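Read off the chains here:
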Amino acid sequence: MPEKLLEELLPYTRMRNPSRAVLTEKCLEQGAKLTHRGALAVWTGERTGRSPEDRFLVKRPVSGEHIWWSKSNRPAQPEQQAKVKARIMDYFKEKDLYRSDVWVGADTRFGRPVTVVTERASHGLFANLIFRTPPEAPKNQTANRITVLAAPGLKMDPGITDLHSDAGVLIDLDNLSVLIFGTSYAGEVKKAVFSVMNYLMPMEGVLPMHCSANVGSKGDVALFFGLSGTGKTSLSADPNRHLLGDDEHGWSEAGVFNFEGGCYAKLIDLEEESEPEIWKALKFGSLLENVVLDEETRIPDFHNQAITENTRGTYPLDHNPLMLESGVAGHPKVIFFLVADAFGVMPPIARLTKEQAMFYFITGYTAKLAGTEVGTREPQATFSGCFAEPFLPLHPQTYAEMLKNKIDLHQTSCFLVNTGWIAGPYGVGKRIPIKYTRAMVNAAMQGQLDAVESWTDPVFGLSVPLRCPGVPDHLLIPENAWEDREDYHGKRLELAMRFTQHMTGYSGVSRETLQAGPGM
């Protein structure tokens, strides 16, 4: 089906693989603006984040037997997909289209060609920036192609489609096709392709991961798992290490490889001093989403949330001089699970046993930050299996078992890192300064926490170091930073109960993993 669709759209394709410069010009014609440093600024209108309730997987005989049908994986019938496809095709015949032939997967043994067709030049530019340049001789170029038709300007009556609203994302895993309509948020394109890879890769022995990754001078690889806004992009952009990627990777028998060719960074409160690599990358050839600009100077106001808290910046990896061009590295030496704890009770850093690593990977705890998803205005405690539940077609246990086996095989160290609040919950405490988080992460990567005296949390059972270079001792034990310690104890028990309640809904999790969670 995908190849036939592309053939039908050829007469309406205005440009095929135009350069970034040409796409930038076309974006300006469609209402975008240039910032003072040459980055392109666009606005997505009503939808400034993903729409989880508008994402569907097409229920077909082959993939349908393997899909984990859940609140994240809502089924759409083939008849519904056919209606949406027909409407998009009719709509496209009235438009001038942009086609981008790109690639996902730096290790070409497992990579796939991706074709994005859209009416919006900014979506064409986004695809050009976020995905990789196709290799010269990709394998099975046609058979493995993932096709994305993105029609952001097309709204559909849910009474006709029988879907949730006038926007939607329909992913067909059997035919490797994606239909997007009614939303201009570019992240839907990226995450739809990630969802397809999360289905395909386990069948080839590759663990797909929602994580960032970087590499030290000795080839030591570090992975940073976490949901949006927890610091994956910021912490992996380290001036002393090479960047592999900021969001999506695969772990094969040979090592880790980046799926993408660009970064999709969250920009709220971005400052040059604390995140210089990201700041410098936002120049000509990059794309800003929903950032407020000064009308006269065109200087972005990264602290302004008037449009959304979920402001975004897309830039190619080569905008970071420390990028690892190949996108391929060895096996991880250390893994960090990043949580943004809205309760303010999780320690800034803790060493995990193998069983604890599996527990926190499966639970994927963090705070869902405002604006990342439509309808979210205040941070909320949330759990997302494998830190990627909205994009996992298979049960989280499938990915967790793969991770366990790889940790065992390669003796990888694991740490829990709280990038959220200390000295109180959200609204009372404060966000942990990124400079301290960087110091803790660097100490863990260099083995400086291995022999340090530790304190064991009596509820969560986490082993917390009592000292860390560059970090005040009193910040390492959460209780010490609270004015009201009884309040702290209450919040800690409340969060522990949430973990326990959440895990009662998971089946097939080993007894050892469950026992590694908080005790009441």
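The structure under discussion appears in the preceding block.
So, how was this worked out
Residues numbered from 1 in each chain as written. Predicted model: local features only at pLDDT ≥ 70, side-chain atom pairs only at ≥ 80, totals over all residues. Heavy atoms only, no water. Helix = DSSP H or I, 4+ residues; strand = E, 2+ residues; numbered from the N terminus. Rg over C-alpha atoms; globule rule 2.2 N^0.38 Å. Buried < 20%, exposed > 50% of the residue type's maximum accessible area, 1.4 Å probe, protein only. Pairing = 2+ DSSP bridges. Axes fitted to C-alpha atoms, helices over the stretch in contact; angles between N-to-C directions. Salt bridge = Lys/Arg side-chain N within 4 Å of Asp/Glu carboxyl O. Contact = heavy atoms within 4.5 Å. Parallel < 35°, antiparallel > 145°, perpendicular 65-115°, else oblique. Nonpolar A, V, L, I, M, F, W, Y, C, P; charged D, E, K, R; others polar.

K.L.:
Can you break down the overall build of the protein residue by residue, with the values?
P.N.:
Regarding its fold elements, the protein presents 15 helices and 29 strands. In summary, the protein has a C-alpha radius of gyration of 22 Å against a globular reference of 24 Å for 520 residues, a match within 12%. The dimensions of the protein, computed from C-alpha atoms along their principal axes, are 70 × 55 × 45 Å. Out of the 520 residues belonging to the protein, those deemed buried represent 62%.

K.L.:
Any chance you could break down the sheet that holds strand β6 (residues 97-104) for me, citing the residues and the numbers?
P.N.:
Strand order in the open sheet formed by eight strands is β1-β6-β7-β8-β10-β9-β4-β5, with mixed pairing between adjacent strands. Single-partner strands in this sheet number two, and they are β1 (13-16) and β5 (74-76). This sheet shows a mean twist of 25° between the axes of neighbouring strands, independent of strand direction. Two elements, β1 and β6, share three bridges in a ladder whose sense is parallel.

K.L.:
Any chance you could break down the pattern of salt bridges for me, citing the residues and the numbers?
P.N.:
This model, assessed by the stated rule, comprises 27 salt bridges. Across the salt bridge formed by Glu 260 and Lys 190, the nearest N and O atoms sit 2.7 Å from each other. Of this pair, Glu 260 sits in the loop between β15 (255-258) and β16 (262-266) while Lys 190 sits in helix α7 (residues 187-200), and the two are 70 residues apart along the sequence. Both residues of the pair, Glu 260 and Lys 190, count as buried. A salt bridge links Glu 248 to Lys 191; its shortest N-O distance comes to 3.2 Å. Here the residue Glu 248 occupies a position in strand β14 (residues 248-252), and Lys 191 occupies one in helix α7, the gap between them amounting to 57 residues. Each member of the pair, Glu 248 as well as Lys 191, carries the same accessibility label: buried. Here the residues in one salt-bridge network are Lys 190, Lys 191, Lys 232, Asp 247, Glu 248 and Glu 260, joined through shared partners.

K.L.:
If you had to explain unusual backbone geometry to someone new, which residues and values would you point to?
P.N.:
Backbone geometry places Asn 17, a non-glycine residue, at a positive phi of 55°. Take Asn 17: it is sitting in the loop between β1 and α2 (20-29). Overall, Asn 17 belongs to the partly exposed group, its relative accessible area being 39%. Residues other than glycine seldom take positive phi values, yet Cys 386 does so here, at roughly 60°. Among the structural elements, Cys 386 can be located in the loop between β24 (380-383) and α11 (396-410).

K.L.:
Go over the environment of Thr 412, please, and point to the residues and values.
P.N.:
When you line up the elements, Thr 412 lands in the loop between α11 and β25 (413-418). Using a relative accessible area of 8% as the deciding quantity, one classes Thr 412 as buried. The sequence separation of Thr 412 and Ala 222 amounts to 190 residues, and the corresponding C-alpha distance is 9.6 Å. Ignoring any residue separated from it by four or fewer positions in sequence, one finds Thr 412 in contact with Trp 251, Pro 332, Lys 333, Val 334, Ile 335, Lys 406 and Ile 407.

K.L.:
Help me get a handle on the packing of helix α10 (residues 354-363) against helix α14 (residues 485-503), residues and values and all.
P.N.:
Running from amino to carboxyl end, α10 crosses α14 at an angle of 80°, the nearest separation of the two axes being 11 Å. The orientation of α10 relative to α14 falls into the category roughly perpendicular. Contacts between α10 and α14 involve Phe 359, Tyr 360, Ile 362 and Thr 363 from the first element and Phe 499, His 502 and Met 503 from the second. For the contact of α10 with α14, the per-class residue count stands at five nonpolar, two polar and no charged.

K.L.:
Give me the lowdown on the pairing of strand β21 (residues 332-339), citing residues and values where you can.
P.N.:
Within β21, seven of the eight residues are buried, which leaves it mostly tucked inside the rest of the structure. Strand direction decides the pairing type here: strand β12 (residues 221-225) and β21, joined by five bridges, are parallel. When the bridges of β21 are listed, Leu 223 appears paired with Ile 335. Of the strand pairs in this sheet, β21 and β25 are connected by six bridges, and their pairing is parallel.

The values are spatial; any link to function lies outside them.
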